[in-house]
Amino acid sequence: MASTVSFDVVSEFDRQELVNALDQVRREVATRYDFKGSKVQIDLGPTDVTVVTDSEMRSSAVQDLIGSKAVRRGLSLKVFDWGEIEPAGGMTYKQVAKLQEGLPEDIAKKISRLIRDEFPKCKAQIQGGAVRVSGKSKDDLQRIIARLKEEGEGYPVALQFKNYR
């Protein structure tokens, strides 16, 4: 009797690593010469990061800093969905980055369709913000993971593979 093996395709990030990256950015902004005497505020909400600065140039510099610190801490840049830099009143500019967690329904359907078309012996089920892939052969599942990693560059979200059993 052959047992089935499975794994989940998810899109998530480590929130504590994001908090640490933002703390590093705050410390670097406080010590950098080009930010001397400027107003920079970085707030982490439940679903977004808000950056308030006193110029558009500094806002884009803070965005670059956040990206570089996040990558160093193992976070993908696809986690951030940066919005436009908008005037916030009082000579300040605001930029909001939505944090993307969970697979959107259209991406989950694409992944499910890819697995169904290319790997007929395996089954994919959409479960909320994840896709559960199951099959009888570990080799098939490893080929699916390799295929999704190669295909994953085209997706607007970062893919992770969890619960491989």
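Everything that follows concerns the structure shown earlier in this document.
Now for a description of the structure that goes with this document. Sequence order as written defines the numbering, with residues in each chain counted from 1. Side-chain atom pairs in this predicted model are given and counted only at pLDDT of 80 or more, local residue features only at pLDDT of at least 70, and totals for whole chains, interfaces and linings cover all residues. Heavy atoms from the whole structure form the basis of all side-chain values; hydrogens and water molecules are not counted.

Here's the deal with the nonpolar core
Filter applied, for reference: By nonpolar core we mean a set of buried residues, namely Ala, Val, Leu, Ile, Met, Phe, Trp, Tyr and Cys, connected to one another through side-chain atoms within 4.5 Å. Only protein chains enter the accessibility calculation, which uses a 1.4 Å probe; a residue whose area is less than 20% of its type maximum is buried, one above 50% is exposed, and one in between is partly exposed. For helices the rule is a DSSP run of H or I covering at least 4 residues; for strands it is a run of E covering at least 2, with both sets numbered from the N terminus onward.
With 20 residues, the main nonpolar core has Val9, Leu103, Ile111, Val133 and Ile144 as its most contacted residues. At the level of elements, strand E1 (5-10), helix H3 (105-118), strand E8 (130-135) and helix H4 (138-151) are the ones that each hand at least two residues to this core. Of all the elements, H3 adds the most residues to this core, at five residues. The next biggest cluster of nonpolar side chains, apart from the first, holds 18 residues, and it includes Leu18, Ile42, Val62 and Leu65.

Observations concerning the pattern of salt bridges
Where we set the bar: Any carboxyl oxygen of Asp or Glu within 4 Å of a side-chain nitrogen of Lys or Arg constitutes a salt bridge here.
Inspection of every chain in the model, using the stated rule, returns 13 salt bridges. Across the pair Lys69 and Glu28 runs a salt bridge, and its minimum N-O distance is 2.8 Å. Here the residue Lys69 occupies a position in helix H2 (residues 56-72), and Glu28 occupies one in helix H1 (residues 15-31), the gap between them amounting to 41 residues. A relative accessible area of 11% places Lys69 in the buried class. Between Glu151 and Arg147 there is a salt bridge, with its nearest N and O atoms 2.8 Å apart. Of the two residues, Glu151 and Arg147 are both situated in helix H4; the distance of four residues between them amounts to about one turn of the helix. Connected via shared salt-bridge partners are Glu28, Arg32, Asp34 and Lys69.

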